[in-house]
Structures are given as C-alpha cells and as structure tokens.
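Residue strings, one per chain:
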Amino acid sequence: MLPKYSVFQKLMESQVVAVIRGKDSHEAVQVSKAAIEGGIRAIELTYTTPQVEEVFKELRQLNVLLGAGSVMDSETARHAILSGAQFIVSSHFVKEIAALCNRYSVPYLPGCMNIGDMAKALEAGCDVLKLFPANAFDPSFIRSVNGPLPNVRIMPTGGISLNNMNEWLDAGAVAVGVGSDLTKAYQKGGYEEAVSLSRKYIHTLNQSPEVAADR
C-alpha cells in the first residue's frame, strides 16, 4: 500500500484526532502525551504553537499518527514533513501545499466550507477534506454534500465535543478533530485531567452504533 493511503487508513481507524494548540511547546507536549495515554491514536500539532518543532521531536518516536495543522504555505508544509508530520492540515485549500504533498505522497486535508472549495480540493488530489469550522454546520451537511459529490470524505473540526462527536460520525464523517477542551482540561486540572477527558472521548466513540458496527 502506498504511504499516503496507509496514513489515511490509520486516520480513519483512529476516528478521533487530537488537535493540539499549546501556548508553548511544553504545554503542547503534555497535552499530546495525555491524549495518547487516554487512547487517542492521532495527533495534529498546529503551527500556531511556538517552537512546534520541539513538540515533533518529543513525539515522533511514539506509536502515534502525527500530523501538522494550521499550515498556511508549502514552505511550512515541507518543514512539517521533515519534522515528522505524516499528514498536513490547513484551514483552507492552498494549491501549492497540495502539489508539495502529492510530490511526496503525504495526505493533505484542506479546510473547505462549500461545494466549490471541495471540488477544487478533489481535483488537486485531496482525498479527505476538513470541514472547518464544523460548528457552523449540522451533521446532515455531510449527506447533502455526498449527493453531488459522493466521493467526498469529510473530517469535521471546530466545535466537536463529547456531546456531538457521534452525531458527526454517524452522519458519515470519517474522523473528527477535537482539541480545545483537551487543552482547557489540562490548564484547569493538569495532566491527569486531560488523560481522563481523552479516555471519555474514546469511550464515547465506542458507544456509536456506526463505530460498533464497523468493529
């Protein structure tokens, strides 16, 4: 299997991606490790975190699918790949990032909000699209999109919580991005609080009828 599709398979098996946006590299490392200990197997490190390369160094040897988020240009995407990112995520579609990722067989998940954006991303070889911010939509949006674009695969991010995660997965999302509440849990109650919340996400994930049927 090509590396690109191997990563997609792991992403869809994980189904929950912890999007880590730390105030500094130490916080990002701690929240990431808490998420991993809690059972989350995919981590997206955002480039809005200061000295994010230090976070990659800490995590790249762990048994986890590691990606980079908030990537705004191809230079940053290249830096992320060299740092150990196995997939690249951006808030919007950037054709130069798509070209770079295709060149190195690295999955690129651009943020899309409408059919036009999605069609452009598909034409550029993007197989899974990030719906961002997801809290501006209803889970039924996925089925609406799959009418004219049946091959679109969507990962909603932004506003995903324990209360609505399974609604999105049951509606057809291949994975969901969560994160801000993990960081808030860490800031409020420390490492163990973030571990506990991560475990709740995995427990809630396992209660989804769609997920249970797949397993």
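Here, every reference points to the structure presented above.
Residues numbered from 1 in each chain as written. Predicted model: local features only at pLDDT ≥ 70, side-chain atom pairs only at ≥ 80, totals over all residues. Heavy atoms only, no water.

*Asks:* Just checking my understanding: could you explain the overall build of the protein chain for this structure?
*Replies:* What the protein chain contains, in helices and strands, is 11 helices and 8 strands. Taking 215 residues into account, the globule formula puts the C-alpha radius of gyration at 17 Å, and the protein chain, at 16 Å, falls close to it. Reported as C-alpha extents along the three principal axes, the dimensions of the protein chain are approximately 45 × 40 × 35 Å. In the protein chain, buried positions account for 52% of the 215 residues. Within the structure as shown, the protein chain displays about 9,700 Å² of accessible surface, and the carbon and sulfur contribution to it stands at 49%. Of the side-chain charges in the protein chain, 20 are positive and 22 negative, and the distance between the mean point of each set is 3 Å. (Helix = DSSP H or I, 4+ residues; strand = E, 2+ residues; numbered from the N terminus. Rg over C-alpha atoms; globule rule 2.2 N^0.38 Å. Buried < 20%, exposed > 50% of the residue type's maximum accessible area, 1.4 Å probe, protein only. Areas by Shrake-Rupley, 256 points an atom, 1.4 Å probe, with all protein chains shown as cover. Lys, Arg positive; Asp, Glu negative; His and termini not counted. Charge placed at Lys NZ, Arg CZ, Asp CG, Glu CD.)

*Asks:* What am I meant to see in the pairing of strand β1 (residues 16-20) here?
*Replies:* Along any regular strand, the residues point their side chains to alternate faces of the sheet. In terms of burial, β1 is largely enclosed, as 5 of its 5 residues are buried. Pairing geometry for β1 and strand β8 (residues 176-178), over 3 bridges, is parallel. Bridge pairing links A18 to V178 in β8. Looking at chain direction, β1 and strand β2 (residues 42-46) are connected through 4 bridges and run parallel. The partner of A18 across the bridge, within β2, is I43. (Pairing = 2+ DSSP bridges.)

*Asks:* Even after reading the chapter, I still don't get the pattern of salt bridges, so can you show me in this structure?
*Replies:* Opposite charge on two side chains allows them to pair when their charged atoms are near. Inspection of the entire model under this criterion finds 3 salt bridges. Between D127 and K4 there is a salt bridge whose closest N-O contact spans 3.2 Å. Of this pair, D127 sits in the loop between α6 (115-123) and β6 (128-131) while K4 sits in helix α1 (residues 3-14); the two residues are 123 residues apart in sequence, bridging distant segments of the chain. A residue is classified by how much of its surface remains accessible, and K4, at 9% relative accessible area, is buried. A salt bridge links E54 to K57; the nearest nitrogen and oxygen atoms lie 3.6 Å apart. With E54 and K57 both in helix α3 (residues 52-59) and 3 residues apart, this pair spans about one turn of that helix. (Salt bridge = Lys/Arg side-chain N within 4 Å of Asp/Glu carboxyl O.)

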